[in-house]
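Commentary on secondary and tertiary structure
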Amino acid sequence: MRQLVDLLIYPRWLVPVAPAGLVYEHYALAVDRGRIVAVLSAREAQERFAARETEKLETHVLMPGLVNLHCHAAMNLLRGIADDLPLMQWLSEHIWPAEAKHVSPRFVHDGTLIACAEMLRGGVTCFNDMYFFPEAAAEAVSKSGIRAVLGLTVLEFPGAYAKDADDYFAKGLAARDALRDKPRLSFCLAPHAPYTVSDRSFERVAALAKELHLPVHIHVHETRDEVPRSLKEHGMRPLERLQRFGLVGSKLIAVHAVHLDAAEIVQLAACGASVAHCPTSNLKHGSGIAPLAALLEAGVNVGLGTDGAASNSRFDLFEEMRLAALLAKGSTEDATVVDAHRALAMATIGGARALGLGDEIGSLEAGKAADLCAVDFGALRLSPCYDPVSHLVYAVSGDDVSHVWVDGKARVKNRALVDLDEEVLKALAEAWRGEIA
């Protein structure tokens, strides 16, 4: 007698990501109660399982959902408000003033909801956020059905969310306590950057990270100017300063990490830290090109992030995969570094491991959550296909995603959002444009 499961998916190709380097053709994936039950040949699946629902995806690749390791989701509402500027000018003259005027729980809810829709449509099933009003973000996450890791942001200066560092800590921890049992939600500590966080606050972040077993998600070594500024103000480089407080360890997610020296790369590898590589944002602000090939060669776990839509302008993690691989090849003059399988792993299992979710998501393995993405190769520009993983990294975009499941539940089907109305979200975004403009 065949085992009854909720869902059987029959794609043309299946890319599990783990074990690494594999591509299966004419395989199937069985899902029950939100978990992957089995990855097996199509013939075996027909013999072993009966399904309440079956999806036959004859021109598609089935792969793990993408993990966006760094973004500021609600800043979706500030997309294009100020462009073509270096990071600090962009922040101090445009973004921070706009946030002081407009950020509110409603802003965060609406911006995050629109961002969730965009990410789901592009195959992202989990994102790591750093922003304000986490309760409002959590409400948007719940409505969209995506998975999220919400950052408990810490800054020294006042804003719409909190008046000082102590207030940031108090509100962030209260939000975590209130939301910790919500499905698909987890948390990290998110001190903004070494240049916006005091020694006293870093001491507290370190203590909380140890006590609560939370990752620490922080911008570090993003621009060249950060290093001399830190040397002048603290007598040490930014990463060295984090190390002073015991923050450079296996729970560290170092965002950007563009301007590292060789010793710092070795240090990150030795302690098991992760890097959130955001190639588009780094290029758009003229911040530089991160030493991705050196990080990977040293053994650093690397995931990919889009950063916020205000700095990247897109939440397309397929574009980040392509750009990460090409920049690594061009900057090293070595076409063999960061091959397609490595780029795909960064966008999936690499991000999951950085967030402490590597046993739950990031690859298609029995027992893991059924966070899945199907990409349609039916378009003329994707024909013929000799290597599906090469196509995923170098040829497709988020627009080619046709189906997305989170915890085994369809969130995108035949390129349409299942739980969200795209026209309503467009109207909401346009209303905010009028208010902000």
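These lines cover the structure that appears in this document, whether it is placed above or below. Numbers given to residues run from 1 along each chain, matching the order in which its sequence is written. The predicted origin of the model limits local features to residues at a pLDDT of at least 70 and limits the giving and counting of side-chain atom pairs to 80 or more, whereas totals for whole chains, interfaces and linings rest on all residues. Each side-chain value is worked out from all heavy atoms of the structure, with water and hydrogens disregarded.

**With respect to unusual backbone geometry**
Negative phi values dominate among residues other than glycine, just as trans dominates among peptide bonds. The linkage connecting Ala-18 with the following residue, Pro-19, adopts the cis geometry, with an omega of 0°. Each helix is a run of DSSP H or I of at least 4 residues and each strand a run of E of at least 2, with the numbering of both proceeding from the N terminus. When you line up the elements, Pro-19 lands in the loop between strand E1 (3-14) and strand E2 (24-25). Omega for the bond connecting Ser-383 with Pro-384 falls within 30 degrees of zero, at -5°, which places this linkage in the cis form. Along the polypeptide, Pro-384 turns up in the loop between strand E14 (372-376) and helix H14 (388-394).

**Some details on helix H13 (residues 340-354)**
Relative to the 21 Å expected for 15 residues at 1.5 Å per residue, H13 spans 20 Å between its end C-alpha atoms, a close match to the ideal helical length. Within H13, 11 of the 15 residues are buried, which leaves it mostly tucked inside the rest of the structure. Considered for burial, the residues of H13 that qualify are Ala-340, Ala-343, Leu-344, Met-346, Ala-347, Thr-348, Ile-349, Gly-350, Gly-351, Ala-352 and Ala-354. Under the rule applied, a polar contact is a pair of N or O atoms within 3.5 Å (in protein, one hydrogen donor and one hydrogen acceptor; residues adjacent in sequence only if both atoms are side-chain atoms). Regarding H13, its N-cap is Asp-339, as a side-chain oxygen of that residue lies 3.2 Å from the backbone nitrogen of His-341 further along. The first or second residue beyond H13 is Gly-356, which carries a positive phi of 75°. A helix is expected to reach a length of 1.5 Å times the quantity of its residues less one. For every residue, the accessible area (1.4 Å probe, protein chains only) is compared with the maximum for its type, and the residue is labelled buried under 20%, exposed over 50%, or partly exposed between those bounds.

**With respect to the pairing of strand E4 (residues 35-41)**
Remember that side chains alternate between the two faces of the sheet whenever the strand is regular. Should DSSP find at least two bridges between two strands, the strands are regarded as paired. The pairing of strand E3 (residues 27-32) with E4 spans six bridges and is classified as antiparallel. From the neighbouring strand, Val-31 faces E4, where its bridge partner is Ile-36. Taking the residues that link successive antiparallel strands as the turn, the E3-E4 hairpin has two residues, and the phi of Arg-33 there is positive, at about 55°.

**Comments concerning the packing of helix H3 (residues 105-121) against helix H4 (residues 134-144)**
Viewed as axis vectors pointing N to C, H3 and H4 meet at an angle of 35°, and their least axial separation amounts to 8 Å. By crossing handedness, the relation of H3 to H4 is classed as right-handed. Residues Pro-105, Val-108, His-109, Thr-112, Leu-113, Cys-116 and Leu-120 of H3 touch H4, and the partners they reach there are Ala-136, Ala-137, Glu-139, Ala-140, Val-141, Lys-143 and Ser-144. Simply put, an axis is a line fit to the C-alpha atoms, just over the touching stretch for a helix, and the angle between two N-to-C directions goes from 0 to 180 degrees. The handedness criterion is simple: a crossing whose near helix is rotated anticlockwise from the far helix by less than a right angle is left-handed, and one whose near helix is rotated clockwise is right-handed. Here, two residues are considered to be in contact whenever any of their heavy atoms come within 4.5 Å of each other.

**Description of the pairing of strand E12 (residues 274-277)**
Both faces of E12 are covered, namely the face carrying Ser-274 and Ala-276 and the face carrying Val-275 and His-277. Following the chain from strand E11 (residues 252-256) across helix H9 (residues 262-271) to the adjacent parallel E12, one finds a crossover that is right-handed. Pairing of E12 with strand E13 (residues 301-304), which is carried by four bridges, proceeds in the parallel orientation. Counterpart to Val-275 in the pairing with E13 is Val-302. Crossovers are marked right-handed if the path from the first strand over the helix to the second runs clockwise, as seen with the strands pointing away from the viewer.

**Topic: the environment of Phe-377**
For Phe-377, the location among the structural elements is in the loop between E14 and H14. Owing to a relative accessible area of 5%, Phe-377 belongs among the buried residues under this scheme. Spatially, the C-alpha atom of Phe-377 lies 7.4 Å from that of Asp-400, the residues being 23 residues apart in sequence. Other than its neighbours up to four places away in sequence, Phe-377 contacts Trp-13, Thr-59, His-60, Val-61, Leu-382, Ser-383, Cys-385, Pro-388, His-391, Leu-392 and Val-396.

**Observations regarding the nonpolar core**
Buried residues of nine kinds, namely Ala, Val, Leu, Ile, Met, Phe, Trp, Tyr and Cys, make up a nonpolar core once their side-chain atoms join them within 4.5 Å. Ranked by size, the top nonpolar core spans 137 residues in total, and within it Phe-107 and Leu-268 carry the most contacts. In terms of residues, this core owes the most to one element, H3, which gives nine residues. Once you skip the residues sitting within four places of it in the chain, Phe-107 turns out to touch Ala-74, Leu-77, Leu-78, His-102, Tyr-131, Trp-432 and Ile-436. One finds Leu-7, Leu-14, Leu-29 and Leu-372 within the second-largest nonpolar core, a separate group that totals 13 residues.

**Description of the pattern of salt bridges**
Put simply, a salt bridge is a Lys or Arg side-chain nitrogen that is within 4 Å of an Asp or Glu carboxyl oxygen. In the structure shown here, the tally under the stated rule is 28 salt bridges. Linking Arg-204 and Asp-166 is a salt bridge whose minimum nitrogen-to-oxygen distance equals 3.9 Å. Placement of Arg-204 in helix H6 (residues 199-212) and of Asp-166 in helix H5 (residues 165-179) is noted, with a sequence separation of 38 residues between them. Judged by its relative accessible area of 34%, Arg-204 is partly exposed.

**A closer look at helix H15 (residues 422-436)**
Across its 15 residues, H15 extends 21 Å between first and last C-alpha, which sits within 8% of the 21 Å expected from 1.5 Å per residue. Listed as buried for H15 are Leu-425, Trp-432 and Ile-436. The buried side chains of H15 occupy one side of the element, clustering within an arc of 30° when seen end-on. Facing away from the buried surface of H15 by more than 90 degrees, the exposed residues are Glu-423 and Val-424. For H15, the capping residue at the N-terminal end is Asp-421, with a side-chain oxygen 2.9 Å from the backbone nitrogen of Glu-423. For this quantity, the arc is that covered by the directions from the helix axis to the C-beta atoms.

**Points about the side chain of His-109**
As for its position among the elements, His-109 is in helix H3. Here His-109 falls in the buried class, since its relative accessible area comes to 12%. Here His-109 is in contact with Ala-136, Glu-139, Ala-140 and Lys-143, once residues within four sequence places are set aside.

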